[in-house]
Structures are given as structure tokens and as C-alpha cells.
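Residues per chain, in single letters:
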Amino acid sequence: MITENEKLLIRELTQNDVNVIFELYSDKEAMKFRGSKPFENIEEAILMIKKVTENIKNGTEYRYAIIEKLSNKLIGTYLITPITNLNCMVGCSIGKNYWRLGYGLEVMTLMLEYLKNLEYKQIIGLIKKENIPSIKLVEKMKFRLIEQTEYPEFYKYEMII
């Protein structure tokens, strides 16, 4: 376990998660809000989990499972990509069946506390410009829109914690 609150548990991904990861990352409607293409076969999910394990070992990227405690179901993933010892980039993917149920705010609040405890000072997120619910969420949480030209299809937000 990485962290938890009364509704959610954040833990490492395992090979047992492969079918749900495939389901989440092959959903064409949900994936239009991400920077990558939908998975086309289960092997891509298997490879993703292997890569996640390698990245965690070498400290380049941390992708965790978001578990709804009530149902004990994996509902999405949370990504932390360290940039320096003090700042990181984050991303959250929640399955379409769990949209607009308040999980985005729950996950972000929980993970911001976790990142603060790890002594990060700046959190950065890229959000596709058409992802209005996520934009509203980070603005509600007081993330600040910052200018960027590197990824034209995304807005870049930051929070100093």
C-alpha cells in the first residue's frame, strides 16, 4: 500500500491487474483525454505493468493502482514522474464508469498529501484542452495555469505545495 483514505487505497500495480488495466486503457472514449493511443490487445497491458515495475525500480516513474475500497475494484491509475527532488509531474486516469462521482478530487487530494510528505514542492500536470471536467477539477483545487508551447494540445497546470 502507498496511501489510503476512507474511500480509496493507492497501491502498486501487479500482474493480477492486467485485465482491468487492459479494459481501462483500451476504452477509446476515455483515452481521447490522454496522450497515448488506446490499447489494442492484452499484451500491451502486460507490457505496461512490466514497464511500470522496471520504472519504479529505477526511480523514473511511479504508476499506481487506484482501488475503490467499498467494491475492492481497481478504478484507475495515478502517475508520478519525478523531474527533480522537489518537483514532479502527475497524471490520473479513472475508468469511465467512475467519472463524475467525485473520485478525481478524492485521488488528487490524497496524492497531494502523499507528495507533500515526500517533500515535493511543485506539482505539474498536463491536461488535454478538451478535458473540461479535469480542467475544472484542478482549477477548483487552486492549480495555476502556466504557459507552455511544448505540448500544444495540452494545458499545463502547477501547484506549489
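Here, the structure is the one placed above.
Below: a short report on this structure. Predicted model only: the values in this text are computed from it and were never measured.

**Quick word on the environment of phenylalanine 22**
- Tracing the sequence through the fold places phenylalanine 22 in helix α1 (residues 18-25).
- Placed 51 residues apart in sequence, phenylalanine 22 and lysine 73 show a C-alpha to C-alpha distance of 14 Å.

**A short note on the nonpolar core**
- In this structure, Ile21, Tyr78, Leu115 and Phe143 are the most contacted members of the largest nonpolar core, which totals 45 residues.
- If you tally residues by element for this core, the top one is helix α4 (residues 103-117), at eight residues.
- With near-sequence residues (within four places) excluded, isoleucine 21 lies in contact with Leu13, Phe39, Ala45, Met48, Ile49, Leu74 and Thr77.

**Let's talk about α1**
- For α1, the set of buried residues is Val18, Ile21, Leu24 and Tyr25. Relative to the axis of α1, the buried residues are bounded by an arc of 125 degrees and lie together on one face. Exposed and facing more than 90 degrees away from the buried side of α1 are Asn19 and Glu23.
- Considering only its buried residues, α1 is in contact with α2 (28-31), α3 (42-58), β3 (62-68), β4 (73-82) and β5 (87-94).

**Re the sheet that holds β3**
- Taken together, the eight strands give an open sheet; going across it, the order is β1-β2-β3-β4-β5-β6-β8-β7, and neighbouring strands pair in mixed fashion. Only two strands of the sheet have a single partner each, and these edge strands are β1 (3-4) and β7 (144-146).
- Pairing of β4 with β5, which is carried by seven bridges, proceeds in the antiparallel orientation. If you follow isoleucine 80 over to β5, its bridge partner there is valine 90.
- Where α1 meets the sheet, its contacts fall on β3, β4 and β5, and the angle it forms with β4 comes to roughly 80 degrees.
- Contacts from α3 reach β2 (8-12) and β3, with the element oriented near 120 degrees to β3.

Conventions we followed
Along every chain, residues carry numbers that run from 1 in the direction the sequence is written. Only residues with pLDDT of at least 70 are given local features in this predicted model, and only at 80 or more are side-chain atom pairs given and counted; all residues enter the totals for whole chains, interfaces and linings. Side-chain metrics rest on all non-hydrogen atoms present in the structure, leaving aside hydrogens and water. Helix numbers and strand numbers start at the N terminus; a helix is a DSSP run of H or I with at least 4 residues, a strand a run of E with at least 2. Remark: nonpolar core denotes a set of buried residues (Ala, Val, Leu, Ile, Met, Phe, Trp, Tyr, Cys) joined through side-chain atoms within 4.5 Å. Categorising residues by exposure relies on relative accessible area from a 1.4 Å probe, with only protein chains included: less than 20% of the type maximum marks a residue as buried, more than 50% marks it as exposed, and the intermediate range marks it as partly exposed. Residue contacts are defined here by distance: any two heavy atoms, one from each residue, within 4.5 Å place the two residues in contact. The reported arc concerns the directions from the helix axis to the C-beta atoms and nothing else. By definition, two strands form a pair when at least two bridges between them are found by DSSP. To obtain each axis, a line is fitted to C-alpha atoms, and for helices this fit is confined to the stretch in contact; angles are then taken between N-to-C directions over 0 to 180 degrees.

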